[in-house]
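Spelled out, the chains give:
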Amino acid sequence: MAIISTKSKKDLYLHVAILVTLFLVLFFGFFFVYLPWSTHHGETIKVPNLKGMSMDKMEESVDENNLEFEIADCTFVADKPPLTILSQYPLPNSLVKSGRKIYITINSETPPTISMPNLIGLSVRSAEQQLIIAGLKKGVVHQVNDPRLKEVIDMQALGRKITAGSSIPKGTEVDLYIGNGTSDSEIELPDLIGKPLDEVTIILAGMNLKLGHVTYEANSDLEAGTVFKQTCSTCDGTSIHPGDTIDVWVVGDGNNE
């Protein structure tokens, strides 16, 4: 190793300055030239939007942008195709370095099964709310002859009747069957002529029938408030179905109700 000899203080200062200069050149060269070059400093890639892509398309996009990916989670969304990208991080249009790993969530190919909630006796609106909470969908609403007006009396999914507590795939559409207030059974048509309107109301309620339109007209043969005529558009002769409606004509002008 060569020994630098100094003959004066001036030579010493010169040698020190040379050493300091060399150190500074190496220091700045390492941090501002070598490191940026080796780590691609300043080179950024805009993250593509992967949401909604299939796995194949996602892999192609990631490769084209010199990025990597990792499946962080797998969940199920009924209205999304299986094995499509649901979310990603970093978000689309974020600036990252080459080789950055993108974490993705994909839609499961197989929906999980859940327990069918009990909808019997609920209104359509309440039943739909319960279906949403359970992760199911309301399908077609069918009206059937049943005195339980607008109440759910049956449920069907996947082409078969389903009962509360049965296992059903999440996201399945459930058809609802509700009563239309009528029944397949027949009862004798009541005779309401000559009876007071308040008594008629009690009779109809007891027979599971409905009071329809009430028309008030003058009639000198009967007392005010008395029914003197009745009609039923759904009646068949002398029989009627539970839940059917009877229209009546009442003596008076309506002020005596």
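Residues numbered from 1 in each chain as written. Predicted model: local features only at pLDDT ≥ 70, side-chain atom pairs only at ≥ 80, totals over all residues. Heavy atoms only, no water.

Student: Please set out the environment of Gly99 residue by residue, giving values where relevant.
Tutor: Residue placement: Gly99 occurs in the loop between β4 (95-96) and β5 (101-107). Overall, the relative accessible area of 34% leaves Gly99 in the partly exposed class. Sequence spacing of Gly99 and Asn66 is 33 residues, and the spatial spacing of their C-alpha atoms is 5.7 Å. Once you skip the residues sitting within four places of it in the chain, Gly99 turns out to touch Asn66, Leu67 and Glu68. (Helix = DSSP H or I, 4+ residues; strand = E, 2+ residues; numbered from the N terminus. Buried < 20%, exposed > 50% of the residue type's maximum accessible area, 1.4 Å probe, protein only. Contact = heavy atoms within 4.5 Å.)

Student: Please set out unusual backbone geometry residue by residue, giving values where relevant.
Tutor: At the junction of Tyr89 and Pro90, the peptide bond is cis and its omega measures out at 0° in the coordinates. Relative to the assigned elements, Pro90 resides in the loop between β3 (85-89) and β4. The phi angle at Asn208 is positive, at roughly 60°, despite the residue not being glycine. Mapping Asn208 onto the fold places it in the loop between α4 (197-206) and β13 (210-217). On the basis of relative accessibility, which here comes to 35%, the residue Asn208 falls in the partly exposed class.

Student: Report on the side chain of Asp244, specifying residues and quantitative values.
Tutor: Here Asp244 is to be found in the loop between β15 (239-240) and β16 (245-251). Within the buried set, Asp244 has no salt-bridge partner at all; the shortest N-O distance to an opposite charge, 7.5 Å, is to Lys210. (Lys, Arg positive; Asp, Glu negative; His and termini not counted. Salt bridge = Lys/Arg side-chain N within 4 Å of Asp/Glu carboxyl O.)

Student: Let's hear about the pattern of salt bridges: which residues, and what values?
Tutor: For side chains of opposite charge, pairing can occur when their charged atoms come near one another. With the rule as written, the count across this model stands at two salt bridges. A salt bridge links Glu128 to Lys138, with the nearest nitrogen and oxygen atoms 3.6 Å apart. Of this pair, Glu128 sits in helix α3 (residues 124-134) while Lys138 sits in strand β7 (residues 137-149), and the two are 10 residues apart along the sequence. Note on Glu128: relative accessible area 30%, which makes it partly exposed. Overall, the relative accessible area of 32% leaves Lys138 in the partly exposed class.

Student: Describe in detail a negative patch on the surface, supporting the description with residues and values.
Tutor: There is a patch of like negative charges on the surface, built from Asp56, Glu59, Glu60, Asp63 and Glu64. Looking at where Glu60 falls in the secondary structure, it is placed in helix α2 (residues 55-64). (Patch = residues over 30% accessible without salt bridge, like charges linked within 9 Å, V, L, I, M, F, W, Y side chains within 5 Å. Areas by Shrake-Rupley, 256 points an atom, 1.4 Å probe, with all protein chains shown as cover. Charge placed at Lys NZ, Arg CZ, Asp CG, Glu CD.)

Student: Quick one: what's the story with the packing of aromatic side chains, residue by residue and with numbers?
Tutor: For the coordinates displayed, the defined rule picks out zero aromatic pairs. Positioned above the aromatic ring of Trp249 is the side chain of Lys229, whose terminal nitrogen or guanidinium carbon lies 4.5 Å from the ring centre. (Phe/Tyr/Trp six-rings, centres within 6.5 Å; stacked < 30°, edge-to-face > 60°. Lys NZ or Arg CZ within 6 Å of the ring centre and 35° of its normal.)

Student: I'd like a rundown of the side chain of Gln88, residues and numbers included.
Tutor: Topologically, Gln88 is positioned in strand β3. Among the polar contacts made by the side chain of Gln88, one reaches the main-chain amide nitrogen of Leu50 at a distance of 2.7 Å. Those residues in contact with Gln88, other than ones at most four positions away along the chain, are Val47, Pro48, Asn49, Leu50, Lys51, Ile102, Tyr103 and Ile104. (Polar contact = N/O pair within 3.5 Å; in protein donor to acceptor, adjacent residues only side chain to side chain.)

Student: So what about the sheet that holds β5? Which residues, and what values?
Tutor: Taken in spatial order, the three strands line up as β2-β5-β3 in an open sheet, and their pairing is mixed. Each edge of the open sheet carries a strand with a single partner, namely β2 (68-75) and β3. The mean inter-strand angle of the sheet, taken between neighbouring strand axes irrespective of direction, is 25°. The pairing of β3 with β5 spans four bridges and is classified as antiparallel. When the sheet's bridge partners are listed, Ser87 is paired in β5 with Thr105. Of the strands in this sheet, β2, β3 and β5 touch α2, which is tilted by about 150° from β2. (Pairing = 2+ DSSP bridges. Axes fitted to C-alpha atoms, helices over the stretch in contact; angles between N-to-C directions.)

Student: Which residues make up the sheet that holds strand β11 (residues 173-179), and what are the values?
Tutor: Each strand in a sheet pairs with another by means of backbone hydrogen bonds, the pair being arranged parallel or else antiparallel. With mixed pairing, the four strands of this open sheet are ordered in space as β7-β11-β8-β9. With partners counted over all chains shown, the strands left at the sheet margins are β7 and β9 (160-161), one partner each. Where strand β8 (residues 152-157) and β11 come together, four bridges link them in antiparallel fashion. Bridge pairing links Met155 to Leu176 in β11. Here α3 sits on the sheet and contacts β7, β8 and β11; the angle it forms with β7, its principal contact strand, is near 145°.

Student: Outline the environment of Thr201, supporting the account with residue identities and numerical values.
Tutor: Within the fold, Thr201 resides in helix α4. Assessed through its relative accessible area of 38%, Thr201 is described here as partly exposed. Linking Thr201 and Leu211, residues 10 residues apart in sequence, is a C-alpha distance of 6.8 Å.

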